[in-house]
Amino acid sequence: MTTPGVGDRASRREIFGWAMFDFANQAYTLLIITVVFGELFTTVIVGDRGDDFRLANLLWSLALALSFLLVVVTGPLCGAVMDYRAEKKRFLFASYLATIATTAMLYFVEPGYVALGFVLIILSNYAYSMGESFIAAFLPGLGPPAKLGAISGFGWALGYVGGLVAAGFTLAILGEATAENFERIRWVGPFAAGFFLVAAIPTFLWLKERAEPQPHRQPFARIAWQRVSTTLHELRRFRDLGMFLTSVLFSMAGVYIIIAFAFIYGAQVIGWQESTRNLMFIIVQITAAAGALGFGFIQDRIGTLVTYLMTLVLWVLAILAIWATPEVTAWLNATWGLDWQAEQLFLVVGCLAGLSLGSSQSASRVLVGLFSPRQKAAEFFGFWGLANKLAGVTGIVGLGLLQAAVGLKASILLCAAFFIIAIVICAGVNQRRGQRVAGEWEARLDDTH
């Protein structure tokens, strides 16, 4: 029995429908985690309690970390069930509805309602994060390996366009995340939920469930544990996938820190004005979309692994620039007689961070697709999701604890250390060998049917 669609490219409409989920869910990650609600939670809902926001930052870190821990526990199990029952689309729809419901309820989180905000962030980010893994599991069936880089890059780029539309409207209409503007900005949750609800409709209309269910139906729990235990035993054969996921554990720890704390860093360390904050958002979205799309085509020509390593080097440079922004600004002013503010130089740094952001995550998703047998795509993407979210726990809790001790500015260097470790580990990955092993596993399974 051969897997439907192997070696074929899906229709443009189906690829567009798949990419529209990236377009839609960026409303959540940007408005809730990165740009608006994270700042609202730390500065207004919890607030500065005479500790330079250290308690607020720690609570934000713990809420995200707990949501990621839930993904770590359940992601591979859900992936195993989806592969066995050919129900990726049903699981995706469930995560979509759960994200919408819990995000809309953020409207009820008022200043002082710390516990309610804490719980809703855990639930909404868990549902959103599971959906990330579920939608990624469709990627190997959308085209041949030589085209996956461009397809994935298109999805990430369209996602950043979606984020630009959603957050642009929010910043222009709802305003800034301040106590004085709370009655307007509290609508950010319902707006993000509504945007996700409407924009993801093409995904469920046009994306196809290409897998075939196994003939013998079994309880979910038994399927999950049997397949995951078998896969863990077989992972020794997928050496390059294992090493790459270990690298992802460190690289994504750095990425999640930036996603969760970049705009908080701008507010607390750089001290930017609202106009600079809005301009930074636009710059990051445009450069991230350009990076995802441009590097997506590049990786199909020079290799996805080489491209991924290039993006990690860009990340190291970006983190060092973020950390050194105040000092470099002072040096430029003293040396060249300029009158720059740190927030102006921070905008330049944002370009470098944006290029790294979209391209590194897109390349990571493609490599997992290349190293995954199609019959285990959802399950292996479940392990990718596990590595991503375990990275989130490691990075965000690590930064939260470190900034509580030494402050946010010095703690940001932890990101650079994570990216350097990821580069060292990934140096042992061989893309051709990893793809060959996945192909051999597919062929052996086909021969048994």
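Scroll up to find the structure.
As the structure is a computational prediction, the values presented were derived from the model and not from experiment.

**Some words on the overall build of the protein**
Along the backbone of the protein there are 18 helices and zero strands. For the protein, the spread of C-alpha atoms along the principal axes amounts to about 70 × 45 × 40 Å. The 449 residues of the protein split such that 59% are buried. Sequence-distant contacts, at least 24 apart, represent 86% of the contacts inside the protein between residues at least 6 apart. With an accessible surface of roughly 17,200 Å², the protein has 67% of that area assigned to carbon and sulfur atoms. Side-chain charges of the protein comprise 31 positive and 28 negative groups, with the mean position of each set lying 10 Å from the other.

**Concerning the packing of aromatic side chains**
Across all of its chains, the model carries 25 aromatic pairs by this definition. Where F21 meets F196, the ring centres are 5.4 Å apart and the plane angle is 70°; that geometry is what we call edge-to-face. Residue F21 is located in helix α1 (residues 12-35), and its partner F196 is located in helix α8 (residues 188-199); the two are separated by 175 residues in the primary sequence. For the ring pair F244 and F371, a centre distance of 6.5 Å and an interplane angle of 85° mean the geometry is edge-to-face. You can see F244 sitting in helix α11 (residues 239-270) and its partner F371 sitting in helix α14 (residues 342-371), a full 127 residues away along the chain. By the burial criterion, F244 is buried, and F371 matches it. Three or more aromatic residues joined by ring pairs make a cluster, and in this case those are F21, F93, Y96, F196 and F204. Sitting over the ring of F138, K88 keeps its end group 5.2 Å from the ring centre. One cation-aromatic arrangement involves R186 over Y107; the distance from NZ or CZ to the ring centre is 4.2 Å.

**Structural notes on the pattern of salt bridges**
The full count for this structure, using the stated rule, is nine salt bridges. Two residues, R433 and D240, come together in a salt bridge whose shortest N-O distance is 2.8 Å. Of this pair, R433 sits in helix α18 (residues 431-447) while D240 is found in helix α11, placing the two residues 193 residues apart along the sequence. Assessed through its relative accessible area of 23%, R433 is described here as partly exposed. A residue is classified by how much of its surface remains accessible, and D240, at 2% relative accessible area, is buried. Note that E327 and K409 form a salt bridge whose closest N and O atoms lie 3.3 Å from each other.

**A few points about the environment of F281**
Mapped onto the fold, F281 is located in helix α12 (residues 274-302). The class for F281 is buried, based on a relative accessible area of 1%. Expressed as a C-alpha distance, the spacing of F281 and G428, which sit 147 residues apart in the sequence, is 36 Å. For F281, the contacting residues outside a window of four places in its chain are L30, V35, G163, L164, A167, G168, L171 and F263.

**Comments concerning the nonpolar core**
In terms of nonpolar packing, the biggest core is built from 141 residues, with W18, I32, F37, W60, F244 and W315 touching the most fellow members. Per element, the largest residue contribution to this core is 17 residues, and it comes from α11. Sequence-distant contacts of W18, defined by excluding residues within four places in its chain, comprise I135, F138, L139, L142, I151, S152, G155, T203, L207 and R365.

**Here's the deal with the side chain of S152**
Structurally, S152 can be placed in helix α6 (residues 148-174). With a relative accessible area of 0%, S152 lands in the buried category. A polar contact is formed between the side chain of S152 and the side chain of R365, at a distance of 3.1 Å. Once you skip the residues sitting within four places of it in the chain, S152 turns out to touch W18, L139, S362, R365 and V366.

**What about the environment of D240?**
Taking the C-alpha atoms as reference points, D240 and V429, 189 residues apart in sequence, are found 5.2 Å from one another. Beyond its immediate stretch of four places on either side in the chain, D240 contacts F371, G428, V429, N430, R433 and G434.

**Topic: the side chain of E343**
If you trace the backbone, E343 turns up in helix α14. For the buried E343, no salt bridge is present, and the opposite-charge side chain at shortest range is R277, 11 Å distant. Among residues more than four places away in sequence, those in contact with E343 are I270, W272, Q273 and T276.

**Considerations on a nonpolar patch on the surface**
Judged by side-chain polarity, F16, F154, L293 and F297 come together as a nonpolar surface patch covering roughly 330 Å² of accessible area. The residue F154 is located in helix α6 in this model. Classification of F154 by relative accessible area gives partly exposed; the value is 30%.

**Quick notes on the packing of α12 against α14**
Here α12 crosses α14 at 35°, and the two axes come no closer than 7 Å. Like other packed secondary-structure pairs, α12 and α14 cross with a definite hand, here right-handed. For the contact of α12 with α14, a count of residues per class yields 14 nonpolar, nine polar and one charged.

**Points about the state of the cysteines**
Applying the stated rule across the entire model yields zero disulfides. The thiol of C415 is not disulfide-bonded; the next cysteine sulfur, from C426, is found 18 Å away. Exposure remark for C415: the relative accessible area of 0% places this residue in the buried category.

About the thresholds
Residues numbered from 1 in each chain as written. Predicted model: local features only at pLDDT ≥ 70, side-chain atom pairs only at ≥ 80, totals over all residues. Heavy atoms only, no water. Helix = DSSP H or I, 4+ residues; strand = E, 2+ residues; numbered from the N terminus. Buried < 20%, exposed > 50% of the residue type's maximum accessible area, 1.4 Å probe, protein only. Contact = heavy atoms within 4.5 Å. Areas by Shrake-Rupley, 256 points an atom, 1.4 Å probe, with all protein chains shown as cover. Lys, Arg positive; Asp, Glu negative; His and termini not counted. Charge placed at Lys NZ, Arg CZ, Asp CG, Glu CD. Phe/Tyr/Trp six-rings, centres within 6.5 Å; stacked < 30°, edge-to-face > 60°. Lys NZ or Arg CZ within 6 Å of the ring centre and 35° of its normal. Salt bridge = Lys/Arg side-chain N within 4 Å of Asp/Glu carboxyl O. Core = buried A, V, L, I, M, F, W, Y, C linked by side-chain atoms within 4.5 Å. Polar contact = N/O pair within 3.5 Å; in protein donor to acceptor, adjacent residues only side chain to side chain. Patch = residues over 30% accessible without salt bridge, like charges linked within 9 Å, V, L, I, M, F, W, Y side chains within 5 Å. Axes fitted to C-alpha atoms, helices over the stretch in contact; angles between N-to-C directions. Left-handed = near helix turned anticlockwise from the far one by under 90°. Nonpolar A, V, L, I, M, F, W, Y, C, P; charged D, E, K, R; others polar. Disulfide = S-S within 2.5 Å.

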